[in-house]
Amino acid sequence: MDAMTADWQEEAACRNEDPELFFPISEVGPGARQTRHAQAVCARCPVRAECLSHALRNGLDHGVFGGTTAAERRALTRRDVLARREVA
């Protein structure tokens, strides 16, 4: 982990939360409530953008990062790929 990564993680709102909160088993039922709770923590986080960027750069495909679910991050990645194709 580089110093820049460590710096933003020290400011994260989730640093004192149970890490399991951010890895719901599913996106329905209790998992949906857990996801909403995790996203509420992210909503008040001062380094939310850095967290999301980290997840996208590193292909993190499970859990809530930067206030997004894995499905939401996949959609962001698809939109980015399509936008780059249109520019090229």
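Residues numbered from 1 in each chain as written. Predicted model: local features only at pLDDT ≥ 70, side-chain atom pairs only at ≥ 80, totals over all residues. Heavy atoms only, no water.

1. So, the UniProt feature "binding site: [4Fe-4S] cluster" (unreviewed entry) in the chain
And step 1. The positions UniProt marks with the feature "binding site: [4Fe-4S] cluster" (unreviewed entry) are C14, C42, C45 and C51. Look at the named residues: they lie 38 residues apart in sequence, but the longest C-alpha span between them is just 10.5 Å, so in the fold they bunch up.
And step 2. As for its position among the elements, C42 is in helix α2 (residues 30-43).
And step 3. Excluding residues that lie within four positions of it along the chain, C42 makes contacts with F22, R48, V64, G66 and G67.
And step 4. As for its position among the elements, C51 is in helix α3 (residues 48-57).
And step 5. The buried category is assigned to C51, whose relative accessible area is 13%.
And step 6. Excluding residues that lie within four positions of it along the chain, C51 makes contacts with W8, F65 and G66. (UniProt positions renumbered as here; feature names shortened; annotations may be inferred. Helix = DSSP H or I, 4+ residues; strand = E, 2+ residues; numbered from the N terminus. Contact = heavy atoms within 4.5 Å. Buried < 20%, exposed > 50% of the residue type's maximum accessible area, 1.4 Å probe, protein only.)

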